[in-house]
Amino acid sequence: MASILELKCTVCGRSYAPDAVEYTCPVCGEVGTLDVLYDYDALKKSLDRDEISTSRAMWMWRYRALMPLLPDSAVPPLRVGWTPFYDAPRMADMLGVKRAWVKDDGANPTGSLKDRASAMVVARAMEQGIKTVSTASTGNAAAALAGIGASVGLDTIIFVPATAPEAKIAQLLVYGAKVLLIEDTYDVAFDLCMQVSQQEGWYCRNTGVNPFTTEGKKTAAYEIAEQRGWDVPDVVVVSVGDGSIIGGLHKGFYDLHKLGWIQRIPRLIGVQSETSAPLVDAWENGLDAAQMQPMEAHSIADSIVAGLPRDRVKALRAVRDTQGAYVTVSDEQILAAIPQFARLTGVFAEPAAAAAFAGARRAVETGFIEPSDAVVILSTGNGLKDVKRAQQSVSGGVRVQPNLEAIKRVLRAE
Ligand SMILES: *Cc1c(COP(=O)(O)O)cnc(C)c1O
Ligand SMILES: [Zn+2]
């Protein structure tokens with residue numbers, strides 16, 4: 001419903017007409033990711049946040065008036081978005097903050113926040129009569145594209161590192177995607193996907209490079225604001241790989257602020273694994289995105305491994321413009337965070353998602369989060385995505401003979 005006013009390069013500021021460019025700024029190349037911008041003054045007059053709050057569309061399309069779609073365009077049927085938002089008082093106590101909530105995006109149809117971007121890109125493909133969509137992914141973006149593509153009969157072609165967790169690869173195959181298990185890193189798979197897609201004429205969903213991914217992910221911020229009654233928290237903490245989610249959150253809050261629906265934009269805190277931390281490095285050293293060089297990256301949290309984050313411009317801007325911060329956590333802390341977070345909130349998160357909780361603890365220690373803050377932890381992916389790591393994070397379970405005597409003996413011993 002919202003017609004795009006312009007596509008604006010995040011690096012050089014050049015403005016393009018909505019259909020003039022498909023991916024990144026032709027002048028800046030791949031680093032020049034685009035912002036999708038609207039006529040906020042017109043939207044301010046025609047839209048009313050309280051009207052949206054009465055919508056019974058319990059999915060991300062409740063915000064379609066703020067999304068780049070024509071009025072009558074169809075959207076894929078899977079129920080993406082409007083994920084649960086839980087008050088988590090025991091987590092607040094544990095962190096030592098005033099209040100804390102969990103936004104559980106692991107509850108999306110394919111189990112991660114990536115469904116928001118894939119639904120947006122698939123809706124766009126449907127609008128344009130496109131039949132084949134491709135993506136490179138560490139796993140979740142691919143599962144999201146495969147699942148949402150399957151819901152409307154799109155052909156999907158996926159480039160994933162061969163080392164992606166089994167459950168994620170199984171998901172792709174179950175949904176019927178064509179799966180290329182690239183025997184190299186995600187960064188290599190990303191470049192290959194881009195090249196082959198351009199040669200074959202496929203529409204490419206690659207994170208960051210496709211500006212509509214941000215427009216899908218921003219709906220998580222809209223929901224946080226609305227689920228808080230438009231009284232935004234002080235801080236939102238999220239784990240970061242390519243930087244597209246944190247950039248999307250920033251865009252979502254930016255839109256709402258422009259519309260006058262929220263009073264301020266929360267501080268955004270990005271969490272990276274210390275063995276895959278190019279954005280932390282750039283932020284601490286005051287580097288521009290264009291100065292960042294590819295680095296070797298690995299972590300048990302596969303979803304946040306990116307040696308050259310593709311949405312680095314938006315990711316750095318999100319933290320700098322909101323007076324937020326970037327923090328690192330170790331892989332040991334990430335693993336330990338899986339059961340800690342689950343026991344405090346009831347939310348079972350995959351390693352990359354649990355990393356946000358570990359990062360919140362770190363940010364409290366370093367003073368980036370203060371005791372008076374109200375904090376949202378965005379849980380980006382479901383724990384069942386990576387059962388192997390979940391098993392490594394816990395012990396227990398007692399083998400016992402099937403009789404009362406034996407059971408009582410075991411219970412008394414505990
Ligand atoms: C993709 C992903 C992230 C990181 O998102 P970026 O946009 O790459 O920064 C974090 N957690 C999970 C579960 C993800 O799938
Ligand atoms: Zn540019």
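What this report covers is the structure whose coordinates are included nearby. (Residues numbered from 1 in each chain as written. Chains lettered and ligands numbered in written order. Predicted model: local features only at pLDDT ≥ 70, side-chain atom pairs only at ≥ 80, totals over all residues. Heavy atoms only, no water.)

1. Points about the overall build of the protein
So, point 1. Secondary structure assignment for the protein yields 16 helices and 13 strands.
So, point 2. For the protein, whose C-alpha radius of gyration is 21 Å, the value lies close to the compact-globule estimate of 22 Å for 414 residues.
So, point 3. If you line up the protein on its principal axes, its C-alpha atoms span 75 × 45 × 45 Å.
So, point 4. Evaluated residue by residue, the protein yields a buried proportion of 59% over its 414 residues.
So, point 5. If you take every contact in the protein between residues at least 6 apart in sequence, the share linking residues at least 24 apart comes to 70%.
So, point 6. Of the roughly 16,700 Å² of accessible surface on the protein, 50% is carried by carbon and sulfur atoms.
So, point 7. Positive and negative side-chain charges in the protein, numbering 42 and 48 respectively, have mean positions lying 5 Å apart. (Helix = DSSP H or I, 4+ residues; strand = E, 2+ residues; numbered from the N terminus. Rg over C-alpha atoms; globule rule 2.2 N^0.38 Å. Buried < 20%, exposed > 50% of the residue type's maximum accessible area, 1.4 Å probe, protein only. Contact = heavy atoms within 4.5 Å. Areas by Shrake-Rupley, 256 points an atom, 1.4 Å probe, with all protein chains shown as cover. Lys, Arg positive; Asp, Glu negative; His and termini not counted. Charge placed at Lys NZ, Arg CZ, Asp CG, Glu CD.)

2. Details of the environment of G81
So, point 1. Topologically, G81 is positioned in the loop between α2 (49-53) and β4 (85-87).
So, point 2. Each C-alpha atom of the pair G81 and A107 lies 8.5 Å from the other, and the pair is 26 residues apart in sequence.
So, point 3. Every residue in contact with G81, bar those within four places of it in the chain, is listed here: M58, W59, M60, N108, R116 and E223.

3. Description of the site of ligand 1
So, point 1. Neighbouring ligand 1 are 16 residues, the closest being K114, N140, G241, G243 and T380.
So, point 2. In the model, an oxygen atom of ligand 1 is placed 2.8 Å from a nitrogen or oxygen of the K114 side chain.
So, point 3. One of the side-chain nitrogen or oxygen atoms of N140 is found 2.8 Å away from an oxygen atom of ligand 1.
So, point 4. Here ligand 1 has 380 Å² of accessible area as a free molecule, and 98% of this is covered by the chains.
So, point 5. The cavity that encloses ligand 1 is the largest cavity.
So, point 6. Here the residues of the shell around ligand 1 are counted per class, giving four nonpolar, eight polar and four charged. (Near = heavy atom within 4 Å. Polar contact = N/O pair within 3.5 Å; in protein donor to acceptor, adjacent residues only side chain to side chain. 1 Å grid on protein atoms, 1.4 Å probe; cavity = no way out; pocket = protein on both sides within 12 Å on 5 of 7 lines; lining within 4 Å. Sits in = over half its atoms within 2 Å of the grid points. Nonpolar A, V, L, I, M, F, W, Y, C, P; charged D, E, K, R; others polar.)

4. Topic: the nonpolar core
So, point 1. Counting 97 residues, the largest nonpolar core has W61, I246, L249, F253 and Y326 as its most contacted members.
So, point 2. It is helix α4 (residues 114-127) that provides the largest number of residues to this core, a total of six residues.
So, point 3. In this structure, Y326 is in contact with V240, I246, G270, L279, V280, W283, A315, L316, V319 and F368, ignoring residues within four places of it in sequence. (Core = buried A, V, L, I, M, F, W, Y, C linked by side-chain atoms within 4.5 Å.)

5. Section: the environment of I130
So, point 1. Assignment of secondary structure puts I130 in the loop between α4 and β6 (132-136).
So, point 2. Dropping the residues within four chain positions of it, I130 is found in contact with A125, L154 and Y203.

6. Side note on the layout of surface pockets
So, point 1. Considering only enclosed or pocket space, the largest pocket measures out at about 500 Å³ in volume.
So, point 2. What lines the largest pocket is a set of 22 residues, and nearest its centre among them are T163, A164, P165, S299 and D302.
So, point 3. Where the lining of the largest pocket is concerned, the elements lending two or more residues are α6 (166-174) and α15 (387-392).
So, point 4. Take the lining of the largest pocket: its biggest share by element is three residues, from α15.
So, point 5. Its residues placed into classes, the lining of the largest pocket shows ten nonpolar, five polar and seven charged. (Points joined across faces, edges and corners; volume = space filled by probe spheres on them.)

7. Details of the coordination of the zinc ion (ligand 2)
So, point 1. Every protein donor of the zinc ion (ligand 2) is listed here as C9 (SG), C12 (SG), C25 (SG) and C28 (SG), and their distances to the metal cover 2.3 to 2.4 Å.
So, point 2. Bound by four donor atoms, the zinc ion (ligand 2) shows angles of 106 to 114 degrees at the metal and therefore tetrahedral coordination geometry.
So, point 3. Between consecutive donor residues of the zinc ion (ligand 2), the sequence gaps follow C-x2-C-x12-C-x2-C. You can see C12 sitting in the loop between β1 (4-9) and β2 (15-16) and its partner C28 sitting in the loop between β2 and β3 (34-38), a full 16 residues away along the chain.
So, point 4. Judged by relative accessible area, which is 34%, C12 ranks as partly exposed. (Donors = N, O, S within 2.8 Å, 3.2 Å for Na, K, Ca; no water. Tetrahedral: all angles 85-135°; square planar, octahedral: opposite > 155°, others 65-115°.)

8. Examining the sheet that holds strand β10 (residues 235-239)
So, point 1. In space, the six strands of this open sheet follow the order β4-β5-β13-β10-β11-β12, with mixed pairing throughout. At either margin of the open sheet sits one strand with a lone partner, and together these are β4 and β12 (325-329). Taking each pair of neighbouring strands and ignoring which way they run, the sheet shows an average axis angle of 25 degrees.
So, point 2. Bridge analysis of β10 against strand β13 (residues 374-379) gives three bridges, and the strand direction is parallel. Of the residues in β13, the one forming a bridge with V237 is I377.
So, point 3. Here helix α14 (residues 351-366) sits on the sheet and contacts β10, β11 (267-273), β12 and β13; the angle it forms with β12, its principal contact strand, is near 110 degrees. (Pairing = 2+ DSSP bridges. Axes fitted to C-alpha atoms, helices over the stretch in contact; angles between N-to-C directions.)

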